Amino acid sequence: MERDVLVRYLDAWTAKALRSQRGGTYVECGGFAADALRVFAEFSDRLEGHHLELVIVGSAVPSGVPAGLSVRVASDPRDVEVAGPVLTHLDGPGAWPLIAPMARGKGHEVVVTAPAGDHRVAAGCSVELVAEDGEARLLVFVTADEKHLATFKSELWAVDEFAGIRYRDPRDAEGILVDISLTPQLLPLRRALLAELARQGRRTVAELQRFTLLETIYRGEDAIGALTSAVTAGEVTRDPEKGRLTPRTVVGLP
């Protein structure tokens, strides 16, 4: 499951890097180097003449390096000097001290895979992957670019559903498990939006969409569905009172 999410986002990130004159660097600090090479190989016809680099930390270079891809090995991710956008994958409990230095800088993004229950990241998207037997893993995405966060969440909800695997928001006090779907269950989001309205007072739909993107496991657009059901249930009021909810619509508690 972690592999599928990482591969999907790396695919989207690579396509964007190849459209940019600055290119990009992918730093792999876990066991996904071979998967990364397979992703880059899908772009083999576009690699020549572009700056795309793979840095592997702590292990050898796997076979199957496509022509046009720069590859090097490093012993410590903090020693990797790069220019331009950087996507780093960190794995395990030792990832936490590395997040800040690897996420520092414009265009720097970090994906962390680690045991659940050790939620130390205040910023970024954090989601637990929970199996039927209760075993859970934590997936964290850190970026300063909200557009990249939106892309990551789109890939998060678009992955193929794995048998028995569901998502859980570490910030959800009730710990509700949510099935993976392009149209997910929105009850945890609805509750989070009501709590935000209780804290902040009346807000525009646009403001609540941004809250959804930054503070929950959901996509910004999911706020529309959650707020629509809350309006129907009489849990929130809206201005104007009729018509479709738009980013300019103002909602609040009764």
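For the structure itself, look to the data block above.
Quick look at the structure, then. (Residues numbered from 1 in each chain as written. Predicted model: local features only at pLDDT ≥ 70, side-chain atom pairs only at ≥ 80, totals over all residues. Heavy atoms only, no water.)

### A look at the environment of I56
- Position of I56 relative to the elements: it lies in strand β2 (residues 52–57).
- What makes I56 buried here is its relative accessible area of 0%.
- Sequence separation between I56 and L182 is 126 residues; the distance between their C-alpha atoms is 33 Å.
- For I56, the contacting residues outside a window of four places in its chain are E28, A33, V61, P62, V71, R72, V73 and A74. (Helix = DSSP H or I, 4+ residues; strand = E, 2+ residues; numbered from the N terminus. Buried < 20%, exposed > 50% of the residue type's maximum accessible area, 1.4 Å probe, protein only. Contact = heavy atoms within 4.5 Å.)

### A closer look at the nonpolar core
- Membership of the largest hydrophobic core comes to 56 residues, with the highest contact counts inside it found for L10, Y26, F40, L52, Y167 and L193.
- Sort the elements by how many residues they give to this core and helix α1 (residues 2–19) lands first, with eight residues.
- The next biggest cluster of nonpolar side chains, apart from the first, holds 19 residues, and it includes L90, M102, A114 and L138. (Core = buried A, V, L, I, M, F, W, Y, C linked by side-chain atoms within 4.5 Å.)

### Examining the pattern of salt bridges
- Under the definition given, this model contains 16 salt bridges.
- For E207, the salt bridge identified is with R203, shortest N-O distance 3.7 Å.
- Judged by relative accessible area, which is 37%, E207 ranks as partly exposed.
- Judged by its relative accessible area of 24%, R203 falls in the partly exposed class.
- Note that R219 and D222 form a salt bridge whose closest N and O atoms lie 3.0 Å from each other. Pair check on accessibility: R219 and D222 agree, each one buried.
- A single network of salt bridges, built from pairs that share partners, joins E2, D91 and R137. (Salt bridge = Lys/Arg side-chain N within 4 Å of Asp/Glu carboxyl O.)

### A short note on helix α4 (residues 146–158)
- Between its terminal C-alpha atoms α4 stretches 18 Å, which fits the 18 Å expected from 13 residues at 1.5 Å a residue.
- Those residues of α4 lying buried are H148, L149, F152, K153, E155, L156 and W157.
- Of the residues that open α4, the one with a side-chain oxygen 2.8 Å from the backbone nitrogen of K147 is D145. (Expected span 1.5 Å × (residues − 1). Polar contact = N/O pair within 3.5 Å; in protein donor to acceptor, adjacent residues only side chain to side chain.)

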